[in-house]
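The residues making up each chain are set out below.
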Amino acid sequence: IDHTYGNSSGYYRYIETSRPRAIDDDAIFRSPALMKPNITGCKLIFYYHMHGSSIGTLSVGIRQGRNTTTVWTLSGDQGNSWRKAEVVLSNAIFAVFNVDIVGIRGTGYSGDIAIDDLSFDNVSCGCPDGVQPVDICNVSATNFESLNENGWTDVIEDTFNWSRDNGGTASLNTGPAIDHTYGNSSGYYRYIETSRPRAIDDDAIFRSPALMKPNITGCKLIFYYHMYGSTTGTLRVGIRQGGTTRTVWTQSGNQGNSWKKAEVVLVGATAATFNIDIVGIRGTSFTGDIAIDDLSFDKVSCGCSACSVPKSVTFAGNSFQNYTNLKSDTFDWTLKRGSTGSGGTGPTTDHTTGTSSGYYLYIETSFPRSNGDTAVVRSPTYTQTRGSCSFTFWYHMYGSSIGKLTVYVVAGKERTRVWQLSGNKGNTWWKATAKFDSSNADYWIEFEATAGTSFTGDIAIDDITFNTSCCSAASPPTTPPPGPTTSPCVVATVATFEANASGFVQSSADSFNWVRRRGSTPSVSTGPTTDHTLGTSSGYYFYIETSSVATNNTAILLSPYYPKPIYACKASFWYHMYGATINSLEVRAVSGSRDVRIWYLSGDQGNRWILATPDLPTNLPGNYRLKFIATRGTSFTGDIAIDDVSYLYSCCQKTPPTTVPPTTQPPPKVIHACKAPLTTFQAGWQGFIQGKQDTFDWTRSRGGTSSSATGPSNDHTFGNSTGFYAYIETSSPRRANDTAVLYSPYYSPTVSTCEMYFWYHMYGSTISSLLVYEVDSSDKILKTVFSQSGNKGNSWKQASFTLNSPLGSSFRLKFIGTRGSSFTGDIAIDDIGFNNTLCCRQCSVTGTTADFETGLSRYTQDKTDNFDWTRDNGGTSSGGTGPSRDHTLGTAAGYYMYIETSSPRVAGQVARLISPRYGPPDGPSCNLTFWYHMYGAHIGTLNVLAKPITAGLASQVIFTKSGNVGNRWVKFSGPITITDNYTIVFEGIRGSSFQGDIAIDDIKMSTTCCKNNFVTCSSSQWRCANKLQCIPRGGYCDFKQDCFDNSDETNCSCSKYPATPLLTFETGASGFTQEATTDKFDWTRTRGGTGSFATGPPADHTLGTSLGYYYYIETSSPRAAGDTARMYSPYYYAPTFTAGKPCNATFWYHMYGSTTGTLNVYIQIQNTAVPATAIWTLKGNQGNIWKLGTFSMPRSITGQFRFVFDGIRGSSFTGDISIDDVNLLWSCCTQGIVPPPPSPTPTPIALCPSITTSFETGLQGYTQLKKDDFDWTRKTGSTTSGSTGPSSDHTTGKGYYMYIETSFPRSAGHVARLMSPAYTKWTTPICTLTFWYHMYGSTIGTLNVFEVSGTTTAKVWTQSGDKGNKWIKGSAKLVNPKSTDPNFYIYFEAITGTSFTGDIAIDDIAFDSDCCRRCLVPSNITFEQNMGAVVQSTNDTFDWLRWVGRTPSGVTGPGGDHTYGNTSGHYM
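Residues numbered from 1 in each chain as written. Predicted model: local features only at pLDDT ≥ 70, side-chain atom pairs only at ≥ 80, totals over all residues. Heavy atoms only, no water.

## Considering the pairing of strand β68 (residues 1109-1113)
- The element β68 is largely enclosed, with a buried count of 5 among its 5 residues.
- Alternating positions in β68 separate into two faces, Y1109, Y1111 and I1113 on one and Y1110 and Y1112 on the other, with burial throughout.
- With 4 bridges joining them, strand β67 (residues 1084-1087) and β68 adopt antiparallel strand pairing. When the bridges of β68 are listed, R1087 appears paired with Y1109.
- Here 3 bridges tie β68 to strand β75 (residues 1217-1224), and the two strands are oriented antiparallel to one another. Along β75, the bridge assignment pairs Y1112 with S1218. (Buried < 20%, exposed > 50% of the residue type's maximum accessible area, 1.4 Å probe, protein only. Helix = DSSP H or I, 4+ residues; strand = E, 2+ residues; numbered from the N terminus. Pairing = 2+ DSSP bridges.)

## Some words on the sheet that holds strand β1 (residues 13-15)
- Pairing in this open sheet of 4 strands is antiparallel, and the strands run β1-β9-β4-β7 from one edge to the other. Only two strands of the sheet have a single neighbouring strand rather than two, namely β1 and β7 (83-88). The mean angle between the axes of side-by-side strands here comes to 30°, regardless of whether they run parallel or antiparallel.
- Relative to β7, strand β4 (residues 43-50) runs antiparallel, the two sharing 6 bridges. When the sheet's bridge partners are listed, F46 is paired in β7 with A85. (Axes fitted to C-alpha atoms, helices over the stretch in contact; angles between N-to-C directions.)

## Describing the sheet that holds strand β70 (residues 1144-1151)
- In spatial order, the strands read β67-β68-β75-β70-β73; together these 5 strands make up an open sheet with antiparallel pairing. Looking at the sheet topology across the chains shown, the edges are occupied by β67 and β73 (1187-1192). Strand-to-strand twist of the sheet, defined as the mean angle between neighbouring strand axes without regard to direction, takes the value 40°.
- Inspection of the sheet shows β70 paired to β75 by 6 bridges, in the antiparallel sense. In the sheet register, Y1149 faces β75, and the bridge partner there is I1219.

## Some words on the confidence of the model for the protein chain
- Summarising the model, the protein chain shows a mean pLDDT of 83, and 85% of its residues fall at 70 or more.
- Note that residues 472-492 has pLDDT below 50 and, in this model, 41 contacts with residues that lie over four places away or in other chains.
- Low pLDDT, under 50, characterises residues 652-668; the stretch is placed with 27 contacts to residues that sit more than four places away or in other chains. (pLDDT = per-residue confidence, 0-100. Contact = heavy atoms within 4.5 Å.)

## Some words on the packing of aromatic side chains
- Enumeration according to the criterion identifies 78 aromatic pairs in this entry.
- On the numbers, 6.3 Å between centres and 55° between planes, the contact of F223 with Y225 is tilted. Y225 carries the same exposure label as F223, and that label is buried.
- Here the aromatic rings of F681 and F688 are separated by 5.7 Å at their centres, their planes lie at 70°, and the arrangement is edge-to-face. Both residues of the pair, F681 and F688, count as buried.
- Here the aromatic residues F1065, F1072, Y1111, Y1132, F1147, Y1149, W1176, F1191, F1201, F1203 and F1205 are joined through ring pairs into a cluster of three or more.
- One cation-aromatic arrangement involves R812 over Y743; the distance from NZ or CZ to the ring centre is 3.8 Å.
- The ring of Y1162 carries the charged tip of R1126 above its face, separated from the ring centre by 5.7 Å. (Phe/Tyr/Trp six-rings, centres within 6.5 Å; stacked < 30°, edge-to-face > 60°. Lys NZ or Arg CZ within 6 Å of the ring centre and 35° of its normal.)

## Things to note about the pairing of strand β34 (residues 554-558)
- Of all 5 residues that make up β34, 4 are buried, and the element is covered over most of its length.
- As defined by bridge partners, strand β31 (residues 505-506) adjoins β34 across 2 bridges and the pair is classed as antiparallel. Within the sheet, the bridge partner assigned to Q506 lies in β34 and is L557.
- Of the pairings in the sheet, the one linking β34 to strand β39 (residues 625-631) comprises 5 bridges and is antiparallel in character. Across the sheet, residue T554 finds its bridge partner in β39, namely T631.

## Overview of the environment of I1208
- Residue placement: I1208 occurs in strand β74 (residues 1201-1208).
- As for I1208 and T1158, which are separated by 50 residues in sequence, their C-alpha atoms are 5.0 Å apart.
- Apart from the residues within four sequence positions on either side, I1208 is in contact with I1113, G1122, D1123, T1124, G1157, T1158, N1160 and I1217.

## Some remarks on the environment of E149
- Residue position: E149 is located in the loop between β9 (113-120) and β10 (153-154).
- With a relative accessible area of 6%, E149 lands in the buried category.
- Sequence separation of E149 and S208 is 59 residues, and the distance between their C-alpha atoms is 9.4 Å.
- Leave out the neighbours within four places in its chain, and E149 touches T142, F144, R164, R190 and F206.
- A polar atom in the side chain of E149 sits 2.8 Å from the side chain of R190. (Polar contact = N/O pair within 3.5 Å; in protein donor to acceptor, adjacent residues only side chain to side chain.)

## A short note on the environment of T730
- Inspection of the secondary structure puts T730 in the loop between β44 (724-728) and β45 (739-743).
- Between the C-alpha atom of T730 and that of T824, which follows or precedes it by 94 residues, the distance is 7.0 Å.
- Those residues in contact with T730, other than ones at most four positions away along the chain, are R819, S822, F823, T824, G825 and D826.
- Within polar-contact distance, the side chain of T730 engages the backbone oxygen of F823 at 2.7 Å.
- Within the local environment of T730, its side chain forms a polar contact with the side chain of D826, the two groups lying 2.7 Å apart.

Listed below in structure tokens is the structure:
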């Protein structure tokens, strides 16, 4: 157990001393840099655990500069308990120091040392006691169900800690068996464990956060306590002020086995701030456990203002539920159930129950209604809110002449429109959310419906529900009153609209509202597809929706108030105006009575975000706000959007800014150079962000740019139109010298010689320039790393540079693209990365092969030679020279590099191909290996050199060869002895004629060709194969790459079975099933967002996009608090547990929403009930992010099992819980998922006589199963891949067989299943299935054969791995499963290996003759070959005749047989 909670759920740090650890290995845990304590005697306090026969040493040291002074040490076995250490930091002589806690391994594996609960003693270190106090009215109730305990904490000055637990405590006849919150064994509480090593009068203190003094007397703390046991001690409550605690409540002794309520008046709080201490004191023995639960402050007695959330309104029972129709409108709303009175309009059911029995409110638009008539229904008056409030309702707007629905909040004399929609939205109920702030007055809601042009305009509403945020703590107003010029000028936070409206509000003086949105707008050919802030579909912006709005209608959006500028300056915002009928966007500055236009634009500006920086007036009378006025054009293609609104830094300067201000976005996390992925832009911007002080943005694109004669047509990564790159689009409205800035993530260099590279494309007649700077966090330029201008031709070119950042610092790259004089100036970049050999001393580059299959493998062309090497496949363009196939694949499909010596080449011209830069070799064993092809009558010379980077040093000649060596690939391997950083240069020299093509392929350098700086990982980590990176142990073999060499996922399979497939829900339920009877509702498979606001994920976890699927629970009405949805995974075979290897299950969960309930996971053994205790549980809001859930599989599992997921609804609709990517890790070494039982099949086939399935005439009754990843393929001849699969069938050598094709898009672990028809069961003692299989290829996976009868499935045969290029006979003895089903099936399951050379084939499936001895099932006799088993009787007058064609007599007998239906078939 840990020390914090005293149970197995808590965490601690420890050193794992098992192999490969050796004696005296050390692990250092270092504090951040600390300031020297301002008094002597400052203490570090922590708890340690040192139990084992070979415990080493634990020490504490103070590190100053490069020296560490040990100030505390302990060695040897200290017993199986946590012990407290108090270490005086007496030797800190410098202003800044670190504390090192060092664990040193002893003589054996039983020497694990652990630490927990590290803190500095505030008193001895001279720190002020307490933190910023919290208003008692803002402290939420604490029920211990989650780890968020609202600021209540254990302290270090007591003897031991309170523990968090559920169910019973560890001792008999003491402590609670259930919590108080839920009254069951699943709920949590805090308690003191009084067993050993606790002693009499030991105390445990549980302390509140610092609290503000209650403003009235009589303020109460309320909690529940449980004091049961014959030796129960004392529980008391005290008020701590300064350094003194005064007891205000106490209870002692056995109070019985039940929870009791305590109400403690907080009297005597004389200071402005105080803490509350709840103290448990141990009695005379272990039967004295004391527990507490459900801590809260009584808001009434503490003088907190009351606020109640209005009840939901469903109109059930034919009741308006206190809503009333206004008299000042034209007509009334009507209560209704079932359909409205008109066809083609209105709902047929309510929303609450989804039936024709439920009620809703609607407007009836039949005669005598006319266009523009209004009906207003008003809610009862509600108590003022405590800040921002929102409510949801469901609306139905179906009909060809739907008018408009508007929602208002009326508070005092203000009537504010909070929502509006018009037009036909289809025959369905839709959910809407409206936000408002009514913290200053009581309020009511008004729903105003406006009739359309005809009777098909019925509008309905239902299920009005208020969010609990209406009674959350009030927040300061986002829009202060205009007032005088006294506000200090501070740099504004950019309004990104990511979390909310950023203080922007709708005006009531317009025609319709702006809409906050993410992703695309609902209309095509207008509006943005991403926001500007993030550049993704997950980011938010504001826009006007111009569907169903009249021409020239306006929408007005008001910013918060900004302080009056000190100096003349600019506002800043990004706009998007794309669509054929864009009207206009106007921006005005409003201050007091002044209302000044500062910016205006109209018309289509293209599908892009554009920066606007209008000047602000210098004579504003005071604080000001921005007014954004958007006007609707003539049609729906007129959506206008804005994002990232602010004002520039110069607004708060007394003199104009002299340098470009830094971007307002904070720097992202620093990435270690060795962990930085190659930036290919394939999966988005990969951490790159747009600059804020430029003119326009970089664009991520693929294929060609929008202009001709400029920009790339392909990316660099893949060299085709499917790959992405970043570029500047220089078409209108861009002007000459406009600039676009793109920042990389922040990186940290590793060595002084660290080198980066990128690829650029600068093609077009009006190219301007591309500048790349290395800058620090303040945007200071550290080095100009690249500068080019003008047309460089229609090709990608590489740039590389050495960094200038000192070790331990961070930097980022700043790419500045400048527009030239015209649109033919597009500049692009791609594939930005680090040279790992030089930056990381990493040999992964040299240990791999440059095979040129997907590009130049980071080789580059020399700029000083006469011509270039060419990447090609198949033959070269000249006869009698060059290879016809590559060396890697040995086929015409594979690629190699060669020099083309045809005209205009002449004798003696040189082409050079240059490798990436490498560091000095690590000793004399560094070898270069490559294959060359020099075939032709006039071959010149191939030289290979190791060229030093340092000028003046001589190159090493590694290889030289001249003349024709024949039409074959030849291998060379030789040493590299150079001692400097170097590159490898392949120099091809043209001979006397065109028959001189020279080719190279498969270049490899041994892993000893560069030095490594290996890392040491802690016991809780796993070291990657390259020894340069540590990852958490849980990341090993979890189907997600954590090591940048992917070694955490490459050797994961156990020796017996392949990996269990990841259950992603992308193609269906992945074998999951819903509970049918015992739960309240079902999980839902969906993609994109859920149906509710402020809850659920926007995308799945597998793909990370709105196209990916996941499962979730929908917690909207009619769901109620505590409703449970249960879902079962497919069954798994039992794990094969291996000592030292974890067996973990993982899944990803998303629990976002203010009223999120609970997610429980159970493990159910087949044929047993679901256990009462969950293996994993979590409750409450975990944020809008997917998180990894993991748990260890119990080693007691011996049979088939499955996972059970329970989603429990919280108190409201903002509680959607989602799961995705369920996985049982490879290290569990299981056969995988139990195959599902087959679907019903046609009439069974008799086994006797034996039948052979050769696939010559089709699948012969075999079928593809649906619950797998892909299908078997019927084939003749060879499969499509080389070096795998058969070249002919087994039956005739020219016929058909079935096989699995393992080329792309297949990946390791994919499953294909082929099911036989149904057969009647045999009656003999033994029945053998025979078949022929072909398993040839270097990455062959597994072939399994299963026998199925009823619900019983048995594996009867399995083989894995390469068996050679031949057909092999397989035989499997069938087990005749005990089942009432008279039939059985066979299915073949093939599982893919790790690559395309894994094709598996089967043919000629039959049942051996032993299945037919004493067989009682009659055979199928067609009389085609003979009479079969039919014989003539001897007790008759004459015999039957076996005949073909017509019988000899006319007008009688058949004209043909039945088998073939023609005159060629036989019959009797």
